[in-house]
Amino acid sequence: MSSGPGALSAPAHNPDDRKTPRDGTFSSLKVRNYRLFFTGAIVSNTGTWMARITQDWLVLSLTGSAAAVGITTALQFLPMLLLGLYGGVIADRYPKRNLLMISQGALGLCGLALAVLTLSGHVQVWHVYLIALLLGLVTVVDNPARQSFYSELVGPAQVRNAVSLNSANFQSARLVGPAVAGALIASVGSGYAFLVNGLSFLAPLASLMLMRTAELHQVERAPRGKGQLREGLRYVAGRPELIWPIALVGFVGTFGFNFPIWLTAFSDDVFHAGAGTYGFLNTLMAVGSLIGALLAARRGTSRLRLLVGGAVAFGVLEIAAAFSPSFWLFALLLVPIGMFGLTVNVTANSSVQLATDPVMRGRVMSLYMMVFVGGTPVGAPLLGWITDTYGARAGFATGGAVSLAAAVVIGLVLARVGGLRLKVEMHGRHPHVRFVPRERLATAA
């Protein structure tokens, strides 16, 4: 049930909401196929986080440049920006379980290739750039296939819970991966962290093979045909409940989620620490993100008001962290930054999925992922240059300011679409700001 009128308080449309009771935070884990998927993902996500931390630190060690870290991140997400919508067409057209088996195997091979190069002592920064680009090409298909596979695993009534638990899974791995990666880098070198990552993809491959295909929820697949890409774009363009959440996560993802650049720069240039501190800062962000994911799993609805409020808090906290005078204040602020960043991602993801027809879900989610992570090739080099030129604090504050501005503007747009207006009331000495229906405001006047 909505607690207030208008677009900002209304949940995303879901025809199953009124007839499906809330079964608890971990309700999706009652489904065998989802349990398998979840278990395999824990292993591969831990390896992925190890590889991310190790890759960033390796590039910084090879080049001494935060901008180079930004270039690596940009290359990994450039294919999503250029080809992401085509990945959605493929995800809508072919069985998603089969696509995921191919993509997960390819991701594992990329990890093993980087391990061989690093362990042999021949790794150069262009090798890292090339493998980052190959990883990006694989995720063009992997991301929309995986995002839209949840509805086949658990059915439409549990999609929101499954998305939230998957985010909790990813962030739980983030608690372990950076710490293990930091220990491996310090003790035996970067190559073994890459090796563990490559081997970790055996777990999701096994989970996909063990699934009972008869228990998957069948969804309509799009037949081969011309104009499917344009059809997906027209579908989103005509629905404000899709286009504005996607636009907001686009700004937040492009400018606010450049943590590999900022945390390496703060660890190295501001606090003059090593890889262990970098891993520790990532772990603190993961704690906050895990809290955000578990809270999202408990919610019964995905209100757009929560999306906008989370994005505002995310931007404000990033600006505050950028100018933190001490290491421990900076570190502690990373926990709520992770929590609100995850809230924005999960709320937007689940609301977009539930507002989309199943036959269009792959294309819509590919657009979602394209703007969320595909904007990184634009944002990462730009924020990396600002960080190198003006310092880590200026780079971090810029990302927070853009995220905050986007949240305020899109929040006002959604309020207008929902027939709301901003009203400010004084409660004693403190102003109280809220959205009210225009007709209520007119009556009160």
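Residues numbered from 1 in each chain as written. Predicted model: local features only at pLDDT ≥ 70, side-chain atom pairs only at ≥ 80, totals over all residues. Heavy atoms only, no water.

Q: Explain the overall build of the protein here, please?
A: Each helix and strand in the protein was counted, giving 17 helices and two strands. Looking at the protein as a whole, 56% of its 445 residues are labelled buried. A fraction of 83% describes how many contacts in the protein between residues 6 or more apart in sequence connect residues 24 or more apart. Total accessible area on the protein is roughly 18400 Å²; 66% of this is exposed by carbon and sulfur atoms. (Helix = DSSP H or I, 4+ residues; strand = E, 2+ residues; numbered from the N terminus. Buried < 20%, exposed > 50% of the residue type's maximum accessible area, 1.4 Å probe, protein only. Contact = heavy atoms within 4.5 Å. Areas by Shrake-Rupley, 256 points an atom, 1.4 Å probe, with all protein chains shown as cover.)

Q: How should I be thinking about the nonpolar core in this particular structure?
A: Note that soluble globular proteins tend to have their nonpolar side chains buried in a common cluster. Counting 83 residues, the largest nonpolar core has Leu248, Phe330, Ile337 and Phe396 as its most contacted members. If near-sequence neighbours (up to four positions away) are discounted, phenylalanine 330 is found in contact with Leu263, Phe266, Phe271, Leu281, Ala321, Ser324 and Phe396. (Core = buried A, V, L, I, M, F, W, Y, C linked by side-chain atoms within 4.5 Å.)

Q: So what exactly am I meant to see when it comes to the side chain of serine 267 here?
A: Within the secondary structure, serine 267 sits in helix 10 (residues 259-270). A polar side-chain atom of serine 267 sits 2.7 Å from the main-chain carbonyl oxygen of leucine 263. Dropping the residues within four chain positions of it, serine 267 is found in contact with His272, Ala273, Gly274, Thr277, Tyr278 and Leu281. (Polar contact = N/O pair within 3.5 Å; in protein donor to acceptor, adjacent residues only side chain to side chain.)

Q: Even after reading the chapter, I still don't get the packing of aromatic side chains, so can you show me in this structure?
A: One pair of aromatic rings is described through two measures. These are the centre distance and the angle between the planes. Applying the stated criterion across every chain yields a total of 20 aromatic pairs. Their ring planes at 55 degrees and their centres at 5.5 Å tell us that phenylalanine 271 and phenylalanine 330 sit as a pair that is tilted. Remark: phenylalanine 330 occurs in helix 13 (residues 327-354) and phenylalanine 271 occurs in the loop between helix 10 and helix 11 (275-298); sequence separation between them is 59 residues. Both residues of the pair, phenylalanine 271 and phenylalanine 330, belong to the buried class. Between the aromatic rings of phenylalanine 280 and tryptophan 328, the centroid separation amounts to 5.9 Å while the plane-to-plane angle is 75 degrees, which identifies the pairing as edge-to-face. With phenylalanine 280 in helix 11 and tryptophan 328 in helix 13, the pair connects residues that are 48 residues apart, well separated along the chain. The exposure class of tryptophan 328 is exposed, given its relative accessible area of 56%. An aromatic cluster of at least three residues, connected via ring pairs, comprises Phe257, Phe259, Trp262, Phe266, Phe271, Phe280, Phe314, Phe327, Trp328, Phe330 and Phe396. The ring of tryptophan 49 has arginine 52 lying over it, and the distance from NZ or CZ to the ring centre is 4.9 Å. Here the guanidinium or amino end of arginine 239 rests over the ring plane of tyrosine 235, the centre of that ring lying 3.8 Å away. (Phe/Tyr/Trp six-rings, centres within 6.5 Å; stacked < 30°, edge-to-face > 60°. Lys NZ or Arg CZ within 6 Å of the ring centre and 35° of its normal.)

Q: Could you clarify how one ought to interpret the pattern of salt bridges in this entry?
A: Opposite charge on two side chains permits them to pair, given that their charged atoms come into close proximity. In total, this model carries three salt bridges according to the counting rule given. The closest approach of N and O atoms between arginine 146 and aspartate 142, which form a salt bridge, is 3.0 Å. Of this pair, arginine 146 and aspartate 142 both sit in helix 4 (residues 125-154), separated by four residues, roughly a single helical turn. (Salt bridge = Lys/Arg side-chain N within 4 Å of Asp/Glu carboxyl O.)

Q: Explanation requested: the packing of helix 10 against helix 15 (residues 376-390) in the structure shown.
A: Geometry of a packed helix pair, given as the angle between the helix axes and the separation of the axes. Helix 15 packs onto helix 10 with a crossing angle of 20 degrees between their chain directions and a minimal axis gap of 9 Å. Here helix 10 lies roughly parallel to helix 15, going by the angle between them. In this structure, the crossing between helix 10 and helix 15 has a hand that is right-handed. Facing Ile261, Trp262 and Ala265 of helix 10, the residues of helix 15 in contact are Ala380, Leu383, Gly384 and Thr387. Grouping the amino acids of the contact of helix 10 with helix 15 by side-chain chemistry returns five nonpolar, two polar and no charged. (Axes fitted to C-alpha atoms, helices over the stretch in contact; angles between N-to-C directions. Parallel < 35°, antiparallel > 145°, perpendicular 65-115°, else oblique. Left-handed = near helix turned anticlockwise from the far one by under 90°. Nonpolar A, V, L, I, M, F, W, Y, C, P; charged D, E, K, R; others polar.)

Q: What should I look at first to understand the environment of glycine 105 in this one?
A: Tracing the backbone shows glycine 105 in helix 3 (residues 96-119). You can call glycine 105 partly exposed: its relative accessible area is 22%. The sequence separation of glycine 105 and leucine 199 amounts to 94 residues, and the corresponding C-alpha distance is 9.9 Å.

Q: Looking at this model, I keep getting lost on helix 7 (residues 202-210). Mind explaining?
A: Along an α-helix, a turn takes 3.6 residues, which lines up residues three or four apart on a common side. Within helix 7, burial applies to Pro204, Leu205, Ser207 and Leu208. Taken end-on, helix 7 shows its buried residues confined to a sector of 165 degrees, consistent with a single buried face. For helix 7, exposure combined with an orientation more than 90 degrees from the buried face picks out Leu202, Met209 and Leu210. Close packing links the buried residues of helix 7 with helix 1 (32-63), helix 3, helix 4 and helix 6 (190-200). (Arc of directions from axis to C-beta.)

Q: Looking at this model, I keep getting lost on the confidence of the model for the protein. Mind explaining?
A: Low pLDDT means the predicted coordinates in that region are not meant to be read closely. Looking at the protein, pLDDT values average 80 and 84% of them are 70 or higher. The secondary-structure element of the protein with the lowest mean pLDDT is helix 17 (residues 438-444), recorded at 48, while helix 7 shows the highest, at 95. Confidence over residues 1-22 falls short of pLDDT 50; this stretch has 50 contacts with residues more than four positions distant or in other chains. Across residues 440-445, confidence stays below pLDDT 50; counting only partners more than four residues off in sequence or on other chains, it has five contacts. (pLDDT = per-residue confidence, 0-100.)

Q: Hey, could you run me through a nonpolar patch on the surface in this one?
A: On the surface, Leu81, Leu82, Leu83, Tyr86, Trp126, Leu130, Leu134, Leu137 and Val378 cluster together into a nonpolar patch covering about 840 Å² of accessible area. Given a relative accessible area of 41%, leucine 137 falls into the partly exposed group. (Patch = residues over 30% accessible without salt bridge, like charges linked within 9 Å, V, L, I, M, F, W, Y side chains within 5 Å.)

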